[in-house]
Amino acid sequence: MRNNLKKRILVKTLSWRFIGTLDTIVLSWVITGNVIFGLKIGAIEIFTKMILYFFHERIWFRINLDKNNKIINSRKRDALKTFSWRGIGTLDTIVISWLVTGNPFTGFKIGLTEIITKMILFYIHERVWNRIDYGLK
């Protein structure tokens, strides 16, 4: 993978992680009623999700090339990518929330609630990044 593409993926990873972490902190706080739980869950996710997202992005980049090695960007691709990432992200959130709160049901509540918010936010994030040329030249 070219160096510029790695930079693009890194910047995209960081921008999504900021949005995703903020969403997780707010949802965790609202669901648990405890801002400390929200901050702890969000802080742990910063690291786990960036690593998972980076590899998810690399895989999707490699499988979305046409025969001329041009990136294929489409709404269908973005929707499929959204669902695959949300599955990975939700499992990560459930496990982290369960470990932080000590309650598996709280972990599931947080993880299942953010399925909706994160899918909407991720899809918008993908659509915005499809309009940005950074790292593609």
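In this text, all values refer to a predicted model and were calculated from it rather than measured experimentally.

Novice: It is not clear to me how helix α2 (residues 35-63) should be interpreted in this structure. Could you clarify?
Specialist: An α-helix turns once per 3.6 residues; consequently, residues spaced three or four apart project the same way. Over its 29 residues, α2 runs 40 Å from end to end, which matches the ideal 42 Å to within 8%, given 1.5 Å per residue. Considering bend angle alone, the principal kink of α2 is centred on Glu 45 and spans about 35°. Every buried residue of α2 is listed here: Gly 38, Ile 41, Gly 42, Glu 45, Lys 49, Tyr 53, His 56, Glu 57, Trp 60 and Phe 61. The inward-facing, buried residues of α2 contact α1 (3-32), α3 (75-101) and α4 (104-129).

Novice: Honestly, the packing of α1 against α2 in this entry has me stumped. Any pointers?
Specialist: The description of two packed helices rests on the angle between their axes and on the distance between the axes. One can describe the packing of α1 onto α2 by two numbers: an axis separation of 7 Å at closest approach and a directional angle of 150°. Classed by the angle they form, the pair α1 and α2 counts as roughly antiparallel. Between α1 and α2 the crossing geometry is right-handed. Of the residues that constitute the contact of α1 with α2, the class distribution is 15 nonpolar, seven polar and six charged.

Novice: What is the right way to read the packing of α2 against α3 from this model?
Specialist: Relative to each other, α2 and α3 sit at 145°, their axes nearing to 9 Å. Crossing of α2 against α3: the hand is right-handed. The class makeup of the residues in the contact of α2 with α3 is eleven nonpolar, seven polar and eight charged.

Novice: What should I look at first to understand the pattern of salt bridges in this one?
Specialist: Going through the model one piece at a time under the given rule, you end up with ten salt bridges. Residue Glu 45 pairs with Arg 17 through a salt bridge whose shortest N-O separation is 3.8 Å. Of the two residues, Glu 45 sits in helix α2 while Arg 17 sits in helix α1, which places them 28 residues apart along the sequence. For the pair Glu 45 and Arg 17, a shared accessibility class is recorded, and that class is buried.

Novice: Quick question: what am I supposed to make of the packing of aromatic side chains here?
Specialist: By convention here, two paired aromatic rings are described through the distance between centres and the angle between planes. Considering all chains together, one arrives at four aromatic pairs under this definition. Ring geometry for Trp 16 and Phe 122: centres 5.2 Å apart, planes at 90°, overall edge-to-face. With Trp 16 in helix α1 and Phe 122 in helix α4, this pair connects stretches of sequence that are 106 residues apart. Using a relative accessible area of 1% as the deciding quantity, one classes Trp 16 as buried. Seen from their ring centres, Tyr 53 and Trp 85 are 5.3 Å apart, and the 85° between their planes marks the pair as edge-to-face. Residue Tyr 53 is found in helix α2, and its partner Trp 85 is found in helix α3; the two are separated by 32 residues along the sequence. Of the residues examined, Trp 85 reaches a relative accessible area of 1% and is grouped as buried. Through a chain of ring-to-ring contacts, three or more aromatic side chains come together here, namely Trp 16, Tyr 53, Trp 85 and Phe 122.

Rules behind the numbers
- Residues numbered from 1 in each chain as written.
- Predicted model: local features only at pLDDT ≥ 70, side-chain atom pairs only at ≥ 80, totals over all residues.
- Heavy atoms only, no water.
- Helix = DSSP H or I, 4+ residues; strand = E, 2+ residues; numbered from the N terminus.
- Expected span 1.5 Å × (residues − 1).
- Bend = angle between axes of the 7 residues up to and from the residue.
- Buried < 20%, exposed > 50% of the residue type's maximum accessible area, 1.4 Å probe, protein only.
- Contact = heavy atoms within 4.5 Å.
- Axes fitted to C-alpha atoms, helices over the stretch in contact; angles between N-to-C directions.
- Parallel < 35°, antiparallel > 145°, perpendicular 65-115°, else oblique.
- Left-handed = near helix turned anticlockwise from the far one by under 90°.
- Nonpolar A, V, L, I, M, F, W, Y, C, P; charged D, E, K, R; others polar.
- Salt bridge = Lys/Arg side-chain N within 4 Å of Asp/Glu carboxyl O.
- Phe/Tyr/Trp six-rings, centres within 6.5 Å; stacked < 30°, edge-to-face > 60°.

Interpretation in functional terms is not warranted from these geometric data alone.
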